[in-house]
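Chain by chain, the residues:
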Protein chains: 2
Amino acid sequence: MRLYIGNINGNFAELNSEESQHFSKVLRGKIGQEIYVTDGLGKLAKGKVSQINSKSIEVELSEIQENFEQRPYQIHVAIAPTKNMERIEFFMEKSVEIGIDEITFLKTFHSERKNINLERCQKIVHSAVKQSLKASVPKINDLIKFSDFLKFNHPENKMIAHCDSNFERKEFKKIIKPVTDYLILIGPEGDFSKEEIQLAEQNGFIGISLGNQRLRTETAALNSVFGLNWMNN
Amino acid sequence: MRLYIGNINGNFAELNSEESQHFSKVLRGKIGQEIYVTDGLGKLAKGKVSQINSKSIEVELSEIQENFEQRPYQIHVAIAPTKNMERIEFFMEKSVEIGIDEITFLKTFHSERKNINLERCQKIVHSAVKQSLKASVPKINDLIKFSDFLKFNHPENKMIAHCDSNFERKEFKKIIKPVTDYLILIGPEGDFSKEEIQLAEQNGFIGISLGNQRLRTETAALNSVFGLNWMNN
C-alpha cells in the first residue's frame, strides 16, 4: 500500500495537487482505494479515498498513529555539497531511509559548489520518505555561509568532522553519547579551512575523526548517520 | 599522492597497461615522480617511477608496508543486483570505502536483473580502492544462481536478510559476534522467495532482520556493511 504526504485534519486528509495528480493520473487510483497518508510531522494514517477533485484528493481516515516510529534522538547533518550533486542526492536518500531529521547545506571556504536546487532536494527527500514508509519529513535547509550557521542555537552534541591533524580530534565512536540530539558538520572535498575549524571550536564544536579511512564527503556523512542510528537502536 | 594498482616484486613494482596510460597520458606523470602502489593483496608501497614504457611503468620502491590497515575480520555480501544498476554501483563504492572484502551477485527467483557487467563493477571497485587509499582489492564474483551459491564453503556467521514474517528472524545487531568473518545475503526488490529462505536455512543460514525500516536492497546491504565495521572498529 502506497504512502502519500498531505494535510491531516481530524479524520480527513487532503493530498496536495502534486500528490493528487500522482494518485489519479499516474497510478490511475480510484475512489474507495486504501492508502497511507502522513502529515510529515509524525502522523501516519490509513484511509480510503473519498473524493477526487482536479487538484486535490480527500481521504477518509480509519486509523491514525501519532508519533509513528519516532526516535528519541534527532540527527542534524550540515554538509558542504559536493561538486557532483548525485553524491549528495544519494546521501540524502540513504539518510532518510536509515533515519535523519535535518540537513543543512554549508557554503565553506573550499566549497566547489556554491548553489543547490532546494526544490529538487526536497523532492528526493519526499520520495525517500514515501518509499521507506516514514511519517516524518526531514527538514532541508538552503545553503548558508558556514560562519552564519555557527551562530544558531545548536544541540549540546555538536561536532565538526575534519582531517586536519594540526587540531585535536576525538574519535567519533568513542565520544558520542547515546540518546540525545546530534549535529555533525561535514566539510567539502578540500576539507574545512583552519579558520573554519578554529571558529567552530570557539563556538563549542568538538573536532572529531570518523576513522583512519580516507572517506569522500558523502561517505563521511553516511558513516555518521548509519553509526548514530546503529548505536541508538 | 596518488595510488596505483600493480604487481610488486621485491623492491620493484610494475603497473599494468591501463594504470600506466593513466599515469603517463592522463596525468602526464614523469620519471622520478613519487607514487603509491598496491598489489591489491595487502601491500602498500611508496616509490619513484623509474621507467616509462609504452604499455607498462616500472617503479622503484622505497617503503613497503605488508598487511596495510588489514582488518581482523572479513565481510562478504552476496546481493541480488537491483534493476537500476546505479544503486548497486553506489553500494559497491561506499562499501569499499568503509570496508568490504567480497561481493557476489545473486540470481534469485524475484531478481529483475539477470546480468551484470563484471568488468564495469571491477572498475568501480578499483577506482574506490585508489580513491580511498586501500591496499586490498575486494573480490567481485559474477552472477550465480542462488541455490548454487549456497553449496559453497561459507563462514560460520552466515545470514540471510529478508522481510518474510512467516519465518523466524533474529535482530541482526543482537546476534552478530565481534571480530569474525561474515556472509550476508541481501535479496532483490521483491525479497527472497519462501523456497529460497527455506533452502538457506537448511544450509545453516540464520534469518535476520535489519530493523523495522523498509529499506531498499542497496540500503539494506550498506546498513549491514556500515554496521559490521562500526561494531568491529
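Remember, it's a predicted structure, so these values are computed and weren't measured experimentally.

**Digging into the domain arrangement of chain A**
Residue and element names in this part refer to chain A. Domain annotation for chain A reports domain 1 (3-65) and domain 2 (75-232). Relative to domain 2, the C-alpha centre of domain 1 lies at a distance of 33 Å. Residue-level contacts link 13 residues of domain 1 with 9 residues of domain 2. Of the roughly 790 Å² buried where domain 1 meets domain 2, counting both sides, 65% is carbon and sulfur surface. Connecting domain 1 to domain 2 are 1 salt bridge.

**Comments concerning the sheet that holds strand 9 (residues 157-161) of chain A**
Residues and elements named next belong to chain A. Pairing within the open sheet is parallel, and its 7 strands lie in the order 8-7-6-11-9-12-10. Whereas interior strands pair on both sides, the edge strands pair on one side only; in this sheet they are strand 8 (139-145) and strand 10 (170-171). One ladder, built from 2 bridges, connects strand 10 with strand 12 (residues 206-209); its direction is parallel. Each bridged residue has a counterpart across the sheet, and for Lys 170 the counterpart in strand 12 is Ile 208. Where helix 2 (residues 85-98) meets the sheet, its contacts fall on strand 6 (75-79) and strand 7 (102-107), and the angle it forms with strand 7 comes to roughly 160 degrees.

**So, the interface of chain A and chain B**
Listed as interface residues are 31 residues of chain A and, on the opposing side, 31 residues of chain B. For the pair chain A and chain B, the summed buried area comes to about 3100 Å², and 51% of that belongs to carbon and sulfur atoms. Contact with chain B buries surface across chain A, with Lys 173, Arg 214 and Trp 230 of chain A losing the most and accounting together for 27% of the total. Here chain A is connected to chain B by 8 salt bridges. Across the salt bridge formed by Arg 216 of chain A and Glu 97 of chain B, the nearest N and O atoms sit 4.0 Å from each other.

**Overview of the pattern of salt bridges**
Residue and element names in this part refer to chain B. Under the counting rule described, the total for this entry stands at 32 salt bridges over all chains. A salt bridge links Lys 46 to Glu 63; the nearest nitrogen and oxygen atoms lie 3.8 Å apart. Of this pair, Lys 46 sits in strand 4 (residues 44-52) while Glu 63 sits in strand 5 (residues 57-65); the two residues are 17 residues apart in sequence, bridging distant segments of the chain. The salt bridge partner of Glu 218 is Arg 87, with a shortest N-O separation of 2.6 Å. Pair noted here: Glu 218 is in helix 7 (residues 217-232) and Arg 87 is in helix 2 (residues 85-98), with a separation of 131 residues, a long-range link.

**Here's the deal with the packing of aromatic side chains**
Tallying each qualifying case throughout the model produces 12 aromatic pairs over all chains. Look at Tyr 4 of chain A and Phe 23 of chain A: their rings are 5.8 Å apart centre to centre, the planes differ by 75 degrees, and that puts the pair in the edge-to-face class. Linking Tyr 4 of chain A in strand 1 (residues 3-9) with Phe 23 of chain A in helix 1 (residues 17-26), this pair joins segments that are 19 residues apart in sequence. Comparing Tyr 4 of chain A with Phe 23 of chain A shows no difference in burial state: the two are buried. Positioned above the aromatic ring of Trp 230 of chain A, the side-chain terminus of Lys 173 of chain B is 6.0 Å from the ring centre.

**Observations concerning the relation of the copies chain A and chain B**
Superposing chain A onto chain B takes a rotation of 180 degrees combined with a translation of 0.0 Å along the rotation axis, leaving an RMSD of 0.0 Å. Between the two chains, the operation in question is that of a two-fold axis. An overlap of 100% is found between the interface residues of chain A and their copies at the interface of chain B, pointing to a shared contact surface.

**Thoughts on the sheet that holds strand 2 (residues 12-15) of chain A**
Residues and elements named next belong to chain A. Around the barrel, which closes on itself, the 5 strands sit in the order 1-2-5-4-3 with mixed pairing between neighbours. Each neighbouring strand pair of the sheet contributes to a mean axis angle of 50 degrees, computed without reference to strand direction. Sheet topology places strand 1 next to strand 2; 4 bridges connect them, and they run antiparallel. Bridge pairing in strand 2 links Asn 9 to Phe 12. Strands in contact with helix 1 are strand 1, strand 2, strand 3 (34-38), strand 4 (44-52) and strand 5 (57-65); relative to strand 1, the strand with the most contacts, it is inclined by about 130 degrees.

**Digging into the packing of helix 2 of chain A against helix 7 (residues 217-232) of chain A**
All names here are of chain A. Viewed as axis vectors pointing N to C, helix 2 and helix 7 meet at an angle of 5 degrees, and their least axial separation amounts to 10 Å. In this view, helix 2 runs roughly parallel relative to helix 7, as classed from their interaxial angle. Between helix 2 and helix 7, the residues in contact are Arg 87, Phe 91, Lys 94, Ser 95 and Ile 98 and Glu 218, Ala 221, Leu 222, Val 225, Phe 226 and Asn 229, respectively. Of the residues in the contact of helix 2 with helix 7, the class split is 6 nonpolar, 2 polar and 3 charged.

About the thresholds
- Residues numbered from 1 in each chain as written.
- Chains lettered and ligands numbered in written order.
- Predicted model: local features only at pLDDT ≥ 70, side-chain atom pairs only at ≥ 80, totals over all residues.
- Heavy atoms only, no water.
- Domains from an automatic or database assignment.
- Contact = heavy atoms within 4.5 Å.
- Buried area = accessible area lost by both parts, 1.4 Å probe.
- Salt bridge = Lys/Arg side-chain N within 4 Å of Asp/Glu carboxyl O.
- Pairing = 2+ DSSP bridges.
- Helix = DSSP H or I, 4+ residues; strand = E, 2+ residues; numbered from the N terminus.
- Axes fitted to C-alpha atoms, helices over the stretch in contact; angles between N-to-C directions.
- Phe/Tyr/Trp six-rings, centres within 6.5 Å; stacked < 30°, edge-to-face > 60°.
- Buried < 20%, exposed > 50% of the residue type's maximum accessible area, 1.4 Å probe, protein only.
- Lys NZ or Arg CZ within 6 Å of the ring centre and 35° of its normal.
- Least-squares fit on C-alpha atoms with pLDDT ≥ 70 in both.
- Parallel < 35°, antiparallel > 145°, perpendicular 65-115°, else oblique.
- Nonpolar A, V, L, I, M, F, W, Y, C, P; charged D, E, K, R; others polar.

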